[in-house]
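An overview of the molecular structure
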Protein chains: 2
Amino acid sequence: MAPVKEETTEQRILEAARAVFIRKGMAGTRMQEVADEAGINKALLHYYFRDKQRLFEGVFKGGVEKQFGCIWDSLKGREHLFEAIEAFVAAYLDRMTENPQLPLFIANEVNRDPEGLRAFIDRGMESRQVFLRLVSEARERGEIIDIDPRELLVNIMALCAHPFIARPMITHIHGITDEAFRRMIIKRRKSVPEFIIRSIRA
Amino acid sequence: MAPVKEETTEQRILEAARAVFIRKGMAGTRMQEVADEAGINKALLHYYFRDKQRLFEGVFKGGVEKQFGCIWDSLKGREHLFEAIEAFVAAYLDRMTENPQLPLFIANEVNRDPEGLRAFIDRGMESRQVFLRLVSEARERGEIIDIDPRELLVNIMALCAHPFIARPMITHIHGITDEAFRRMIIKRRKSVPEFIIRSIRA
DNA sequence: CCCAATATTAACCATTTGGTTAAACCTGAT
DNA sequence: ATCAGGTTTAACCAAATGGTTAATATTGGG
């Protein structure tokens, strides 16, 4: 019975909006659908978030930005490149397992509005400096081959993000179930760092 | 003067629709915008393509599917895994350089409607068999380590596609211009196969 | 209990959007 | 010239959609 109202309406809206935005994108999202999913009236939506744009920003700042941004934090305080790579990949895959649609959503919206999402992109700047330092230190110690650290970072992110972005293609190509996909991601927590480290180790 | 009408109206529509669909996605595309971009009336759009869905399919079958599909063909007739990887990466990057928005567009639409795009996905099945054969042959000759060939394929596609999918993020993170991005892609024609082969070579 | 502020709703509005219609405009064959 | 076929257009329509309004319900403080 008692409608356990542990949640504030604003939270319910944000959750609903987040779900809809992530699966339909900005353009594909209908305010009505968000209202339905939150179990409220459409007018109430505009009461809490003046318009679609602000609702979108609310979702983005509130959840997406933080959840995605914290992946970068996994690099902080690392002393060794290989260890950092392992931590980053694990953090990325774990975070995305909770939210498989996120990478595609982010890619989409950053493309749609690069300026508006600049703050989001900047979020991890500090950690990226750490990464660059670790690369150059490893290079000086002769542990890795000479590689453009920026390109290395692109490769790492590619190997983390792409399975989620191309998920339906992958599951279909390989004829695997969603459950098998999940197992594949778990395997990749180990295999991706190995793949990367093998290819850069001197 | 003479409005050089080398193009049929249908072609003009397909080009325009392709451009708009790719930059706005299915949901974000307005029939009016396609009509404008094609320099025609909106009614004429519906005269050639009954509705938005059919227009979308027309674009997809007509151009996207073929252009993307031919990347797979680069694998055909290859005798050696490493050579095949080099050819595939080169084909992928060259094709996408002509059409940088394509990977994100595809990812999006395959997610939106996995069933409807099954035919597109199947297109490269034959070539993927070639790839699997080359991997197992290389494995038997002891040239490469023991790796799940499906995962290898995912990794290759990830390294090819991701720079285009995350392009605005990459250009901003690394503070580079579009021209520098182009140069990076050219570099990757060599560096990506090297990266992959280093990591699988026995 | 009453009041004021906040939360919520039903009904409404203006615009946008996908799609249609009927008429006009070629263009090539007779 | 004219007729038939496909082609193109202006005007139109109904539904969907983002957003507003005014009235009602709820709640916490005095």
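Residues numbered from 1 in each chain as written. Chains lettered and ligands numbered in written order. Predicted model: local features only at pLDDT ≥ 70, side-chain atom pairs only at ≥ 80, totals over all residues. Heavy atoms only, no water.

1. Quick notes on empty space enclosed by the protein
The condition is simple: With a 1 Å grid laid over protein atoms only, a set of points is called a cavity when a 1.4 Å probe fits there but cannot get out and a pocket when it is open yet has protein on both sides within 12 Å along at least five of seven lines; lining residues have an atom within 4 Å of a point. Grid points are joined across faces, edges and corners, and a volume is the space filled by probe spheres set on the points. Numbering goes from the N terminus for both helices and strands, where a helix is a DSSP run of H or I of at least four residues and a strand is a run of E of at least two. When residues are grouped by polarity, Ala, Val, Leu, Ile, Met, Phe, Trp, Tyr, Cys and Pro land in nonpolar, Asp, Glu, Lys and Arg in charged, and all others, Gly among them, in polar.
The tally for this structure, following the rule as stated, stands at 6 cavities of 30 Å³ or more. The calculated volume of the largest cavity comes to roughly 90 Å³. Of all the secondary structure elements, the ones that give two or more residues to the lining of the largest cavity are helix 9 (149-165) of chain A together with helix 6 (102-112) and helix 9 (149-165) of chain B. A breakdown of the residues in the lining of the largest cavity according to their chemical character gives 11 nonpolar, 1 polar and no charged.

2. Considerations on the packing of helix 1 (residues 9-28) of chain B against helix 2 (residues 31-38) of chain B
When two helices pack together, their arrangement is given by the angle between their axes and by how far apart the axes lie. Residues and elements named next belong to chain B. Formally: Here the axes come from fitting lines to C-alpha atoms, over the contacting stretch only for helices, and the angles between their N-to-C directions go from 0 to 180 degrees. Oblique is the label for every angle not falling under 35 degrees (roughly parallel), over 145 degrees (roughly antiparallel), or within 65 to 115 degrees (roughly perpendicular). The hand of a helix crossing depends on one turn: near helix anticlockwise from the far one by less than a right angle means left-handed, and clockwise means right-handed. Two residues qualify as a contact provided that any one of their heavy atoms is within 4.5 Å of a heavy atom in the partner residue.
Packing of helix 1 against helix 2 leaves a shortest axis separation of 8 Å and a crossing angle of 130°. As far as their axial angle goes, helix 2 and helix 1 are oblique. Judged by the sense of rotation from one axis to the other, the crossing of helix 1 with helix 2 is right-handed. Where helix 1 approaches helix 2, its residues Arg12, Ile13, Ala16, Ala17, Ala19, Val20, Arg23 and Lys24 are matched on the opposing element by Glu33, Val34, Glu37 and Ala38. Looking at the contact of helix 1 with helix 2 residue by residue, the classes come out as 7 nonpolar, no polar and 5 charged.

3. Re helix 6 of chain B
The line we're drawing: Relative accessibility under 20% of the residue-type maximum defines a buried residue, over 50% an exposed one, and the middle range a partly exposed one, all with a 1.4 Å probe and only protein chains included.
Counted residue by residue, helix 6 of chain B has 9 buried out of 11 residues, so it is predominantly covered. Listed as buried for helix 6 of chain B are Leu102(B), Pro103(B), Leu104(B), Phe105(B), Ile106(B), Ala107(B), Asn108(B), Glu109(B) and Val110(B).

4. Overview of the layout of surface pockets
Counted as a void, the largest pocket has a volume near 870 Å³. Those elements giving two or more residues to the lining of the largest pocket turn out to be helix 1 (9-28) and helix 6 (102-112) of chain A together with helix 1, helix 6 and helix 10 (167-173) of chain B. When residues in the lining of the largest pocket are grouped by element, the largest group, 8 residues, is from helix 1 of chain B. Here the lining of the largest pocket is composed, by residue class, of 15 nonpolar, 10 polar and 11 charged.

5. Here we look at the interface of chain B and chain A
As a measure of interface size, the accessible area lost when the parts come together is often cited. Rule in force here: When two components associate, each loses some accessible surface as probed by a 1.4 Å sphere; the sum of these losses over both components is called the buried area. Salt bridge, as applied in this entry: a Lys or Arg side-chain nitrogen positioned within 4 Å of an Asp or Glu carboxyl oxygen. By the criterion applied in these results, polar contacts are pairs of N or O atoms within 3.5 Å in which, for protein atoms, one can donate a hydrogen and the other can accept it, and in which residues neighboring in sequence qualify only through two side-chain atoms.
Facing the 48 residues of chain B at the interface are 48 residues of chain A. Roughly 4300 Å² of surface becomes buried between chain B and chain A when both sides are summed, with 67% attributable to carbon and sulfur atoms. It is His172(B), Phe195(B) and Arg198(B) that lose the most area in chain B upon contact with chain A, and together they represent 16% of the buried surface on that side. For Lys187(A), the salt bridge identified is with Glu151(B), shortest N-O distance 3.7 Å. Remark: the boundary between chain B and chain A carries 13 residue pairs in polar contact (both at pLDDT 80 or more). When residues in the side of chain B that touches chain A are grouped by element, the largest group, 13 residues, is from helix 9 of chain B.

6. Side note on the confidence of the model for chain A
Applicable threshold: The predictor reports its confidence for every residue as pLDDT, a score running from 0 up to 100.
Model confidence for chain A is summarised by a mean pLDDT of 92, while 97% of its residues fall at 70 or above. Below pLDDT 50 for its whole length, residues 1-5 of chain A participates in 0 contacts with residues either more than four positions away or in separate chains.

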